[in-house]
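Each chain, letter by letter, is given below.
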Amino acid sequence: ASVAHAVAGGSASPPAAGRRRWCGPHRRSCGGQSTVALAALLPVLVIVTLLVIQAALLARDRIALTHRCGVAARHAMVRPDAAAVTAAGASAAEGGSGFSAELSGSRSVGSLVTVTCHQRLVTGLPLVGPMLGDPEVVERLVIRVESLGG
């Protein structure tokens with residue numbers, strides 16, 4: 001009698017297989033709640049994922065600029081000519097455009113020369129690229145001139 005009383009009295013029991021769960025006091029079905037939550041969250045997840053990918057691409061381009069500037073500085077050690085240094089740095093890595101190198105300081109043997117490299121990094125991913133803009137990155141290296149080349 002006690003078991004029959006508990007079931008008849010409406011005590012909380014898990015729904016049987018094939019029965020619907022009801023949400024709230026108005027006895028509505030909860031079936032579409034997770035679909036609505038996913039639809040609301042999906043655009044945010046896509047934008048965050050694209051931001052992470054764009055940050056990785058910018059980091060890769062920054063590393064490539066550092067490599068280009070190192071090549072330009074090594075070239076400036078033996079031939080401190082701004083046009084030749086820019087050409088050497090631009091050909092050091094694939095991709096990227098707008099690379100330029102400037103030399104400052106005395107260009108005599110044994111003196112220190114500063115090689116300043118500039119490049120605009122392109123943010124080309126859809127949605128997040130236009131939000132971030134294209135940053136200009138500057139890298140500076142100081143080298144000692146070893147010879148004037150020929």
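Just above, that's the structure.
The structure presented is a predicted model; accordingly, all values stated were derived computationally and were not measured.

Read across the open sheet, the three strands follow the order β3-β4-β5; overall the sheet is antiparallel. Strands with a single pairing partner mark the edges of an open sheet, and in this sheet they are β3 (100–104) and β5 (136–144). Neighbour-to-neighbour, the strand axes of the sheet open up by a mean angle of 20 degrees, direction not taken into account. As judged from the nine bridges shared by strand β4 (residues 112–120) and β5, these two strands associate in the antiparallel manner.

Turning to the packing of helix α2 (residues 33–78) against helix α3 (residues 82–90), a few remarks are in order. Packed helices, taken two at a time, are described by the angle their axes make and the gap between the axes. Running from amino to carboxyl end, α2 crosses α3 at an angle of 145 degrees, the nearest separation of the two axes being 8 Å. In terms of crossing hand, the pair formed by α2 and α3 is right-handed. The residues of α3 that touch α2, namely those facing R68, V71, A72, H75 and A76, are A84, V85, A88, G89 and A90. When its residues are assigned to classes, the contact of α2 with α3 shows seven nonpolar, two polar and one charged.

This part takes up the pairing of β4. In the sheet, β3 pairs with β4 via five bridges, with the strands oriented antiparallel. Counterpart to E102 in the pairing with β4 is T116.

Turning our eyes to something else, we now look at unusual backbone geometry. With phi around 75 degrees, L127 is a residue other than glycine that occupies positive phi space. Along the chain, L127 falls in the loop between β4 and α4 (128–132). Residue L127 is classed as exposed on the basis of its relative accessible area, which comes to 53%.

All right, on to α3 then. For α3, every residue scored as buried is listed here: A84, V85, A88 and G89. Taken end-on, α3 shows its buried residues confined to a sector of 130 degrees, consistent with a single buried face. Residues of α3 that are buried sit in contact with α2, β3 and β4.

Calculation notes
- Residues numbered from 1 in each chain as written.
- Predicted model: local features only at pLDDT ≥ 70, side-chain atom pairs only at ≥ 80, totals over all residues.
- Heavy atoms only, no water.
- Pairing = 2+ DSSP bridges.
- Helix = DSSP H or I, 4+ residues; strand = E, 2+ residues; numbered from the N terminus.
- Axes fitted to C-alpha atoms, helices over the stretch in contact; angles between N-to-C directions.
- Left-handed = near helix turned anticlockwise from the far one by under 90°.
- Contact = heavy atoms within 4.5 Å.
- Nonpolar A, V, L, I, M, F, W, Y, C, P; charged D, E, K, R; others polar.
- Buried < 20%, exposed > 50% of the residue type's maximum accessible area, 1.4 Å probe, protein only.
- Arc of directions from axis to C-beta.

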